[in-house]
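Breakdown of the fold
What follows is the residue order along each chain.
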Amino acid sequence: MTVSNPIQITGTNQDVVWERVVDTIHNYKFAIARENKLDGRIETDYKVGANFLEPWHGDTVGFDNRLESSLQSIRRRVFVSVTPIEGGYLLGVEAFKEIEDVNTNTSTAPGGATFQQDLSLRRDLNLVQERSNPVGWIPRGRDPALEQDLLDSLQLAFSN
């Protein structure tokens, strides 16, 4: 069943609403990066997608997403908006997914290390240098399965 995004919930105390939203986000094991009650915005840190061996993490919803997270490095980030309206609040959820962009040269080097080719006599005994290219991430757009699951959890949290 698809839930509209944003959802409307009833509530009069902004602090109680805010804390229930944050608790629901924490149930998915996301860490809060920034929250601003004046703007009504909650932003999470990136979280690496859970695979089949981590069923207690709720950030990966559905078999296809679990399989993808098991075979490819995935990370997700969530933005929640809390907008006051007459008689309650509108809660909007946006979840974004990215896959890791691994440089092929890095994966072929043993341990991802680069050794110096200059064999001249030096006093520096550290032969291993940092990676030359940083690993990046490729945006995959929004994650509708996670958004719907979060919205269902938020509706359940406010149904009491």
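The notes below deal with the structure included here. (Residues numbered from 1 in each chain as written. Predicted model: local features only at pLDDT ≥ 70, side-chain atom pairs only at ≥ 80, totals over all residues. Heavy atoms only, no water.)

1. Re the overall build of the protein chain
The secondary structure content of the protein chain amounts to four helices and nine strands. For the protein chain, the sequential pattern of α-helices and β-strands runs β-α-β-β-β-α-β-β-α-β-β-β-α. For the protein chain, with 160 residues in total, the buried portion stands at 32%. Sequence-distant contacts, at least 24 apart, represent 61% of the contacts inside the protein chain between residues at least 6 apart. Counting every atom, the protein chain has about 10200 Å² of accessible surface; 52% of that belongs to carbon and sulfur. (Helix = DSSP H or I, 4+ residues; strand = E, 2+ residues; numbered from the N terminus. Buried < 20%, exposed > 50% of the residue type's maximum accessible area, 1.4 Å probe, protein only. Contact = heavy atoms within 4.5 Å. Areas by Shrake-Rupley, 256 points an atom, 1.4 Å probe, with all protein chains shown as cover.)

2. Details of helix α2 (residues 63-71)
Within α2, burial applies to N65, R66 and S69. Here the buried residues of α2 occupy an arc of 100° about the axis, which is enough to place them on one side. Exposed side chains of α2 directed beyond 90 degrees from the buried face belong to F63, D64 and L71. Tucked into the core, α2 has its buried residues touching β5 (74-85), β6 (88-101) and α4 (144-157). (Arc of directions from axis to C-beta.)

3. What about the environment of T83?
If you trace the backbone, T83 turns up in strand β5. For T83 and G40, which are 43 residues apart along the polypeptide, the C-alpha to C-alpha distance reads 6.0 Å. Not counting chain neighbours up to four residues away, the residues in contact with T83 comprise G88, Y89 and L90.

4. Some words on the packing of aromatic side chains
Inspection of every chain in the model, using the stated rule, returns two aromatic pairs. Between the aromatic rings of F52 and F63, the centroid separation amounts to 5.4 Å while the plane-to-plane angle is 45°, which identifies the pairing as tilted. In this pair, F52 is assigned in the loop between β4 (47-48) and α2 and F63 in helix α2, connecting sequence segments 11 residues apart. Residue classification places F63 among the exposed residues on the basis of a relative accessible area of 56%. Measuring from centroid to centroid gives 5.9 Å for F79 and F96, while their planes differ by 75°, and the two rings are edge-to-face. With F79 in strand β5 and F96 in strand β6, this pair connects stretches of sequence that are 17 residues apart. A cation over an aromatic ring shows up here: R75 above the ring of Y46, its NZ or CZ 3.7 Å from the ring centre. Lying across the ring of Y46, R77 places its NZ or CZ 4.7 Å from the centre. (Phe/Tyr/Trp six-rings, centres within 6.5 Å; stacked < 30°, edge-to-face > 60°. Lys NZ or Arg CZ within 6 Å of the ring centre and 35° of its normal.)

5. So, the pattern of salt bridges
In a structure, side chains of opposite charge can pair up when their charged atoms sit close to one another. Evaluated as defined, the whole model comprises 11 salt bridges. Between R34 and E43 there is a salt bridge, with the nearest N and O atoms lying 3.3 Å from each other. In this structure, the salt-bridge partner of E98 is R75, at a minimum N-O distance of 2.8 Å. Residue E98 is found in strand β6, and its partner R75 is found in strand β5; the two are separated by 23 residues along the sequence. (Salt bridge = Lys/Arg side-chain N within 4 Å of Asp/Glu carboxyl O.)

6. Remarks on the nonpolar core
One finds V21, V78, V80, V82 and L91 to be the most contacted residues of the largest nonpolar core, which totals 23 residues. It is helix α1 (residues 14-27) that contributes the most residues to this core, five residues altogether. Residues contacting V80, with those up to four places away along its chain left out, are V21, I25, G40, R41, I42, G92 and V93. (Core = buried A, V, L, I, M, F, W, Y, C linked by side-chain atoms within 4.5 Å.)

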